[in-house]
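# Architecture and fold: a report
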Amino acid sequence: MYIEFKGITKQFQQRQVLNDINFGVKEGSITALLGPSGSGKTTILRILAGLETATKGSVSVAGQVVDELAPQARGIGFGFQNYALFRYLTVYENIAFGLKTQHWPATKIKQRVTELLALTELTALAQHYPQQLSGGQKQRVAFARAIAPHPKVLLLDEPFAALDTQIRRELRSWLKQLIHRVGITSIFVTHDHEEAIETADEIVVINQGAIEQIGAPTTIYNQPTSLFVAQFIGHSSQLLSPNLQGFKLPVRQSFKAYIRPEQVQVFRQNEQPPTTGTLERAFVVNTTFSGAVVSVALKWHGQALMANRSPLQAPLHHGEAVLIFIQQALIFTDGKSELQRNLQPAAAYAL
Amino acid sequence: MQLLQTKPIKWLLLVLAWLFIGIVLVLPVGLVLVQAFASGWHTYLTTISSLVTLQAINLTVTATLISIVFNLVFGVSAAWLIAFYDFPGKRLLNALIDLPFSVSPVIAGLIFILTFGRGGWLAPLFSAIHVQIVFAPPAIFLTTVFVTFPFVAREVIPVLEAKGREEEQTAALLGASFSQILWQITFPAIKAPVAGGLVLATARALGEFGAVAVVSGNIQGKTLTLSLLVQNLYNDFKFNEAFAVATILLGSTILVVLLKQRLLKN
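Residues numbered from 1 in each chain as written. Chains lettered and ligands numbered in written order. Predicted model: local features only at pLDDT ≥ 70, side-chain atom pairs only at ≥ 80, totals over all residues. Heavy atoms only, no water.

### With respect to the packing of helix 9 (residues 150-163) of chain B against helix 11 (residues 178-207) of chain B
Residues and elements named next belong to chain B.
- Packing of helix 9 against helix 11 leaves a shortest axis separation of 7 Å and a crossing angle of 155°. With respect to helix 11, the axis of helix 9 lies roughly antiparallel. The chirality of how helix 9 crosses helix 11 is right-handed. Of the residues in helix 11, those in contact with Phe-151, Val-152, Glu-155, Val-156, Val-159, Leu-160 and Lys-163 of helix 9 are Ile-185, Thr-186, Ala-189, Ile-190, Pro-193, Val-194, Gly-197, Leu-198, Leu-200, Ala-201 and Arg-204.
- Residue composition of the contact of helix 9 with helix 11, grouped by class: 13 nonpolar, two polar and three charged. (Axes fitted to C-alpha atoms, helices over the stretch in contact; angles between N-to-C directions. Helix = DSSP H or I, 4+ residues; strand = E, 2+ residues; numbered from the N terminus. Parallel < 35°, antiparallel > 145°, perpendicular 65-115°, else oblique. Left-handed = near helix turned anticlockwise from the far one by under 90°. Contact = heavy atoms within 4.5 Å. Nonpolar A, V, L, I, M, F, W, Y, C, P; charged D, E, K, R; others polar.)

### Considering the UniProt feature "transmembrane region" (unreviewed entry) in chain B
Residue and element names in this part refer to chain B.
- Taking the UniProt record as the reference, the feature "transmembrane region" (unreviewed entry) is found at residues 12-37, 57-83, 95-117, 129-152, 172-190 and 242-259.
- Between the first and last C-alpha atoms of residues 95-117 the distance is 27 Å; the span itself is 83% helix and 0% strand.
- Between the end C-alpha atoms of residues 242-259 there is a gap of 26 Å, over a span that is 100% helix and 0% strand. (UniProt positions renumbered as here; feature names shortened; annotations may be inferred.)

### A few points about the domain arrangement of chain B
All names here are of chain B.
- Under the domain assignment used here, chain B contains domain 1 (1-36) and domain 2 (41-265).
- With centres defined by C-alpha atoms, the gap from domain 1 to domain 2 works out at 32 Å.
- Domain 1 puts five residues into the contact, and the matching count from domain 2 is eight residues.
- With both sides pooled, the region where domain 1 packs onto domain 2 buries about 540 Å², and carbon together with sulfur makes up 77% of that total.
- When the area that domain 1 buries against domain 2 is broken down by residue, the three leading residues are Val-32, Gln-35 and Ala-36, summing to 79%.
- On inspection of domain 1 and its partner domain 2, the count reaches zero salt bridges. (Domains from an automatic or database assignment. Buried area = accessible area lost by both parts, 1.4 Å probe. Salt bridge = Lys/Arg side-chain N within 4 Å of Asp/Glu carboxyl O.)

### Observations concerning the sheet that holds strand 18 (residues 328-333) of chain A
Residues and elements named next belong to chain A.
- On the basis of which strands lie adjacent, the open sheet formed by four strands has the order 11-12-18-19 and antiparallel pairing. Only two strands of the sheet have a single neighbouring strand rather than two, namely strand 11 (237-240) and strand 19 (336-341). On average, adjacent strands in this sheet sit at an angle of 25° to one another, irrespective of strand direction.
- Sheet analysis places strand 11 next to strand 12 (residues 256-259), joined by four bridges and oriented antiparallel. Bridge pairing in strand 12 places Ser-237 opposite Ile-259. (Pairing = 2+ DSSP bridges.)

### Re the environment of Pro261(A)
Residues and elements named next belong to chain A.
- For Pro-261, the position within the fold is in the loop between strand 12 and strand 13 (264-267).
- On the basis of relative accessibility, which here comes to 11%, the residue Pro-261 falls in the buried class.
- Note: C-alpha distance between Pro-261 and Ile-21 (240 residues apart in sequence) is 33 Å.
- Those residues in contact with Pro-261, other than ones at most four positions away along the chain, are His-235, Ser-236, Met-306, Ala-307 and Asn-308. (Buried < 20%, exposed > 50% of the residue type's maximum accessible area, 1.4 Å probe, protein only.)

### Some points on the packing of aromatic side chains
- For the structure on display, the rule yields 22 aromatic pairs over all chains.
- For the pair Phe112(B) and Phe146(B), a centre-to-centre distance of 5.5 Å together with 80° between the ring planes defines the contact as edge-to-face. Here Phe112(B) is found in helix 6 (residues 105-116), whereas its partner Phe146(B) is found in helix 8 (residues 137-148), with 34 residues between them in sequence. Here Phe112(B) and Phe146(B) have matching classes, each one buried.
- Over the ring of Trp174(A) we find Arg140(A), and its NZ or CZ is 5.9 Å from the ring centre.
- Here the basic side chain of Arg260(A) rests over the ring of Tyr221(A), its NZ or CZ set 3.9 Å away from the ring centre. (Phe/Tyr/Trp six-rings, centres within 6.5 Å; stacked < 30°, edge-to-face > 60°. Lys NZ or Arg CZ within 6 Å of the ring centre and 35° of its normal.)

### Details of the interface of chain B and chain A
- Facing the 16 residues of chain B at the interface are 21 residues of chain A.
- Summed over both sides, the interface between chain B and chain A buries roughly 1,700 Å², with carbon and sulfur atoms accounting for 64% of that surface.
- By the criterion of area lost to chain A, the three top residues of chain B are Glu167(B), Leu173(B) and Leu174(B), representing 42% of everything that side buries.
- Put simply, chain B and chain A have one salt bridge between them.
- Between Glu167(B) and Arg87(A) there is a salt bridge, and its shortest N-O distance comes to 2.7 Å.
- Put simply, chain B and chain A have three residue pairs in polar contact (both at pLDDT 80 or more) between them.
- Taken together, the elements giving at least two residues each to the side of chain B that touches chain A come down to helix 10 (166-173) and helix 11 of chain B. (Polar contact = N/O pair within 3.5 Å; in protein donor to acceptor, adjacent residues only side chain to side chain.)

In structure tokens form, the structure reads like this:
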């Protein structure tokens, strides 16, 4: 592993902020540290950068232990949440700053900054000052400045938090492509699971100073191993010991089932039902149109269940009796999770 | 807003404002000038070019310059410390910086007498090395520094706190040295409050009377600042001379205020 955290523990006065953090990051990959605010994810980033010191444990980058190294000697590019652009320097000077402090020759500096301006599409704004830039442009300057001196690792603290939804989406995919093109090993911190799933190659879910789960976005989304991850990532309906047809349920034992709305198909009585699979009766409580999907709140055996339905299908009425087919559920028993698919053949009915 | 468009109120406020300014500011200043030149140009010029006056100017300017330098160094350091670092006793330090503003100048002077004067705590130390503090220029410098040192710190701390330390941290991570960070990142951001604080400190240092009067000992040619000289002349019934010296203080204060306006505009 290119970056390795071994037994990192951090205590602020009496408070345990991080407790025995162990994980590795592959070279050239993008890792997201995902967790709610106050979970300690930013502290992990700051410890790697050398802005904080771990109480116990050790961090290595490219096989070298960096614990005793000064922050500037670690070969790390750091992007703060608010970008922290130097407000009295132009875009060009901002990007060139780290190269000047490291005494690059003038021609090399010019060459590198010009190259980065082109890469981040900021050439036209080279002589602008930070206050004249939009949020997305500021983020790009911060990125260019951080990677200018060829650091081994790029760390970004909530890189998209200060942006509008639309720009955030654009910038996410832009940043992902760019990081992969440049090939720099990157870690970013976020509290937004969509951001982590869309941008990262690997996600480390952190809660209350400890790692909950590590895995690829699809694994984290589909197979959460803890109740926390199941609740924190994406949306799920939580049901208590439901009588799910077609699932192997624990016998004589209470359990929890987490069902994602996209795993529940909803049919009106007059719609052509799937040929196989047991359909169950539920009632429509409410529907919310949110553009791409219609979110359907259902009542099923007295419990609330959410489902998605295409806006192209016929609208549902409040109180209407409908047929549902549950494709997949996450069953939690005694703190263990098991992802189950409906054993009956899935409905041959596409949403 | 109906209220704000009422002409009578506007005129009433305007008259009140000018009346107030006129009575407490313009009139006294005008009288100072009239009095200063009452015995003619010759007396005026003789007074302000006399040895005693020149010595007073020398002492006042020296005390002011020392205060400015101290203010710059202490003010910026204290602001940096308070805005950028967390440490135990931070709130206490922050409160103590304001002390000179809340303590009466006379008390401030007495503090230095008690500390450095005969029988004072540090008196044995300084008499051992034959340095006189109280009733000598060092006490004037000390008290002037004391009454002025909050100015720059007070102006700079809120600006630095609002700015945050991320820019400095980023610069440090990019390998910048302390002086590079200070001059290229921090200083451009605090230029205005530093200048503002220095102007206020200068005005206060030039005009300080109470604290200096207590520690000065009133020794002509040695420990008389301009303010003290004015009072001495006045007590000796040399009114014209007193006002003549006062015009020097007046002029320098106006100069400093104008300088501040210039600096803030840029």
